[in-house]
Amino acid sequence: MDRGIGRMKLTFGLIGGGRISHSHIAAAEFDDLAELKAGCFSRNSDKNMEFGRSYGLDPERVYTDYAEMAEAESKRPDKLDFVIVTTPNISHYPVCREFLSRGFNVVCDKPVTVTSEQAYELERIAEERGLLFAVTYTYGGLPFVHLAREIYNSGEVGKAYFISLKYYRGSRLAEIIANDIKTWRFTKAISGPGGTIADLGTHLDYLGRFLMGSNLKKVLARLINKPGQVELDTTGTVLVEYDNGVEGTISVAQAACGHDNDIELEILCEKGTIRWNFDCHASVMVDYLDGRSVIHREPGVSSEAVKKFAHKSPNLTDPQTTGFINIYSGFLKTLASRKEGDTKQYFYPTLRDGICGIKFVEACIRSNQNGNIWVNL
């Protein structure tokens, strides 16, 4: 890690309080560059205070309302450097807008909003006020995803013509069948108009754009809400075409029994295929036209794509934690650099990536609602 950056710890607050909030806090504090100082964690006052106490916060900086928090923290001489938003999807926009409007940098879970109009409005405010905005596309922070892109960009397997992206989970199958209240991801009033296509599909959309170095041109989607009677999609198949002409598929499922966090990607090219999957996240396989197969894995990978994350081994922590840590590391070092008058940019998914993600969701929904037709982005 570049210890010359951010000599003084950055401070942050968090709005949310679900299980994922602890992962965000741990990742933000991992490099000892930042410290949680304030938050709004629950509508339940007892749970709210208990969350704050568990992190040793001053009770005066544990708030019952995010707007109250934004106003109070904006007036403090030790104003927070940034806030993290981990609330359900439908509230991302009003919470982020409130804090951006009061001059706070923001890190937000994906999808960043539930409409592209909302996302563009956040971008306008952030640009007007010169604020940073990160979106936590977790798997974009995994070093060997970056290695896969580096191998493709090297040209050694030729030009890509097809990309396959898959994300299957089965942990919510029982809740989906029971239509349990906990399945907020499939309830429009809480999740927004997208279910699994927003929850898992946006991860794959980001990975595809990151690997191809190209935005999506058009999609054709088939979304279903089986089994059970949930309101939003549980499963989806999307045909995609990128601006660079590469075609592909995105497949998602939240009701896939036997699958935990099953993420796979393959880039089919003129001279070979590049493969990566979540279960073997610290390796990339390349199959060549001449019959060779090469597995790039730790230890011993000297690639710049992996070395830029060298301050933490991919094997020290679980892959989701690693992804979060690397995204926060890049965001924090960029923010610390800005505070010191520099403009050096480190890796993290940006609000522009978040805008592309919600446009992907909207296009898939339009395609599905109109008889599974091609929709331009």
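Residues numbered from 1 in each chain as written. Predicted model: local features only at pLDDT ≥ 70, side-chain atom pairs only at ≥ 80, totals over all residues. Heavy atoms only, no water.

**A look at the overall build of the chain**
Part 1 of the argument: A count of helices and strands for the chain gives 13 helices and 14 strands.
Part 2 of the argument: A globule of 377 residues ought to have a C-alpha radius of gyration of about 21 Å, and the chain, at 21 Å, matches this closely.
Part 3 of the argument: C-alpha atoms of the chain, sized along the principal axes, occupy 65 × 50 × 40 Å.
Part 4 of the argument: The burial tally for the chain puts 55% of its 377 residues in the buried class.
Part 5 of the argument: Accessible surface, the chain: about 16200 Å² in total, of which carbon and sulfur atoms supply 47%.
Part 6 of the argument: Charge-centre separation for the chain: the mean point of 44 positive side chains lies 1 Å from the mean point of 48 negative side chains. (Helix = DSSP H or I, 4+ residues; strand = E, 2+ residues; numbered from the N terminus. Rg over C-alpha atoms; globule rule 2.2 N^0.38 Å. Buried < 20%, exposed > 50% of the residue type's maximum accessible area, 1.4 Å probe, protein only. Areas by Shrake-Rupley, 256 points an atom, 1.4 Å probe, with all protein chains shown as cover. Lys, Arg positive; Asp, Glu negative; His and termini not counted. Charge placed at Lys NZ, Arg CZ, Asp CG, Glu CD.)

**Some details on the pattern of salt bridges**
Part 1 of the argument: Inspection of every chain in the model, using the stated rule, returns 23 salt bridges.
Part 2 of the argument: The salt bridge involving Glu 35 is made with Lys 37; its shortest N-O contact spans 3.8 Å.
Part 3 of the argument: A residue is classified by how much of its surface remains accessible, and Glu 35, at 31% relative accessible area, is partly exposed.
Part 4 of the argument: With a closest N to O distance of 3.1 Å, Glu 304 and Lys 307 form a salt bridge. Residue Glu 304 and its partner Lys 307 are located together in helix H11 (residues 304–307), separated by three residues, close to a single helical turn.
Part 5 of the argument: Members of the salt-bridge network, linked through shared partners, are Arg 61, Glu 73, Arg 76 and Asp 78. (Salt bridge = Lys/Arg side-chain N within 4 Å of Asp/Glu carboxyl O.)

**Details of the layout of surface pockets**
Part 1 of the argument: Roughly 1600 Å³ of internal volume is contained in the largest pocket.
Part 2 of the argument: Contributing to the lining of the largest pocket are 50 residues, with Gly 18, Ile 20, Thr 86, Trp 184 and Arg 185 lying nearest its centre.
Part 3 of the argument: Secondary structure elements with two or more residues in the lining of the largest pocket: helix H1 (19–29), helix H4 (92–101), helix H8 (188–191) and helix H12 (319–339).
Part 4 of the argument: Looking at the lining of the largest pocket residue by residue, the class counts come to 17 nonpolar, 19 polar and 14 charged.
Part 5 of the argument: Approximately 200 Å³ is the volume attributed to the second largest pocket.
Part 6 of the argument: Considering the residues around the second largest pocket, the lining is formed by Lys 188, Pro 193, Leu 223, Ile 224, Asn 225, Glu 231, Leu 232, Asp 233, Ile 365, Asn 368 and Gln 369.
Part 7 of the argument: Of all elements in the fold, only strand S7 (216–224) and helix H13 (351–369) reach the threshold of two or more residues within the lining of the second largest pocket.
Part 8 of the argument: Sort the elements by how many residues they give to the lining of the second largest pocket and H13 lands first, with three residues.
Part 9 of the argument: Of the residues assigned to the lining of the second largest pocket, the class counts are five nonpolar, three polar and three charged. (1 Å grid on protein atoms, 1.4 Å probe; cavity = no way out; pocket = protein on both sides within 12 Å on 5 of 7 lines; lining within 4 Å. Points joined across faces, edges and corners; volume = space filled by probe spheres on them. Nonpolar A, V, L, I, M, F, W, Y, C, P; charged D, E, K, R; others polar.)

**Section: the confidence of the model for the chain**
Part 1 of the argument: For the chain, mean pLDDT is 93; residues scoring 70 or higher make up 95% of the total.
Part 2 of the argument: With pLDDT under 50 throughout, residues 1–6 is counted as low confidence; its partners more than four residues away or in other chains account for 15 contacts. (pLDDT = per-residue confidence, 0-100. Contact = heavy atoms within 4.5 Å.)

**Observations concerning the sheet that holds strand S1 (residues 10–15)**
Part 1 of the argument: On the basis of which strands lie adjacent, the open sheet formed by five strands has the order S2-S1-S3-S4-S5 and parallel pairing. Each edge of the sheet is formed by a strand with only one pairing partner; in this case those strands are strand S2 (34–40) and strand S5 (133–135). For this sheet, the mean inter-axis angle between neighbouring strands, taken without regard to orientation, is 20°.
Part 2 of the argument: Pairing of S1 with S2 involves six bridges; the strand directions are parallel. Note that in S2 the partner of Ile 15 across the bridge is Cys 40. (Pairing = 2+ DSSP bridges. Axes fitted to C-alpha atoms, helices over the stretch in contact; angles between N-to-C directions.)

**With respect to the environment of Lys 37**
Part 1 of the argument: Structurally, Lys 37 is set in strand S2.
Part 2 of the argument: Remark: the alpha-carbon pair of Lys 37 and Leu 14, spanning 23 residues in sequence, is separated by 8.6 Å.
Part 3 of the argument: Contact partners of Lys 37, with chain neighbours within four places excluded, come to Thr 11, Phe 12, Leu 57, Arg 61 and Leu 80.

**Structural notes on unusual backbone geometry**
Part 1 of the argument: Cis peptide bonds are those with omega within 30 degrees of zero, and the linkage from Lys 110 to Pro 111 qualifies with -10°.
Part 2 of the argument: Within the fold, Pro 111 resides in the loop between strand S4 (105–108) and helix H5 (116–129).
Part 3 of the argument: Residue Pro 227 follows Lys 226 across a cis peptide bond; omega there is -5°.
Part 4 of the argument: Residue Asp 32 is not a glycine yet carries a positive backbone phi of 65°.
Part 5 of the argument: Positionally, Asp 32 belongs in the loop between H1 and S2.

**Details of the sheet that holds strand S10 (residues 262–269)**
Part 1 of the argument: With mixed pairing, the nine strands of this open sheet are ordered in space as S13-S12-S11-S10-S6-S9-S8-S7-S14. On the outer flanks of this sheet lie strand S13 (293–297) and strand S14 (375–376), each paired with one strand and no other.
Part 2 of the argument: Across the sheet, helix H6 (residues 143–154) lies against strand S6 (160–168), S10, strand S11 (272–277), strand S12 (283–288) and S13, angled at about 25° from S12, the strand it touches most.
Part 3 of the argument: Contacting S6, S7, strand S8 (235–242), strand S9 (247–253) and S10, helix H10 (residues 201–212) crosses the sheet at an angle of about 155° to S6.

**Some remarks on the packing of aromatic side chains**
Part 1 of the argument: On inspection of all chains with the given rule, the structure shows 12 aromatic pairs.
Part 2 of the argument: Plain terms: the ring middles of Tyr 139 and Phe 278 are 5.6 Å apart, the flat faces sit at 90° to each other, and that makes the pair edge-to-face. Residue Tyr 139 is found in the loop between S5 and H6, and its partner Phe 278 is found in the loop between S11 and S12; the two are separated by 139 residues along the sequence. In terms of burial, Tyr 139 and Phe 278 fall into one category: buried.
Part 3 of the argument: A centroid spacing of 6.3 Å and a plane angle of 80° characterise the contact between Phe 309 and Phe 347, whose relative ring orientation is edge-to-face. With Phe 309 in the loop between H11 and H12 and Phe 347 in the loop between H12 and H13, the pair connects residues that are 38 residues apart, well separated along the chain.
Part 4 of the argument: On the basis of relative accessible area, Phe 309 is assigned to the buried category, the value being 5%.
Part 5 of the argument: Judged by its relative accessible area of 19%, Phe 347 falls in the buried class.
Part 6 of the argument: Grouped by ring-pair contacts, the aromatic residues Tyr 137, Tyr 206, Phe 210, Phe 309 and Phe 347 constitute a single cluster. (Phe/Tyr/Trp six-rings, centres within 6.5 Å; stacked < 30°, edge-to-face > 60°.)

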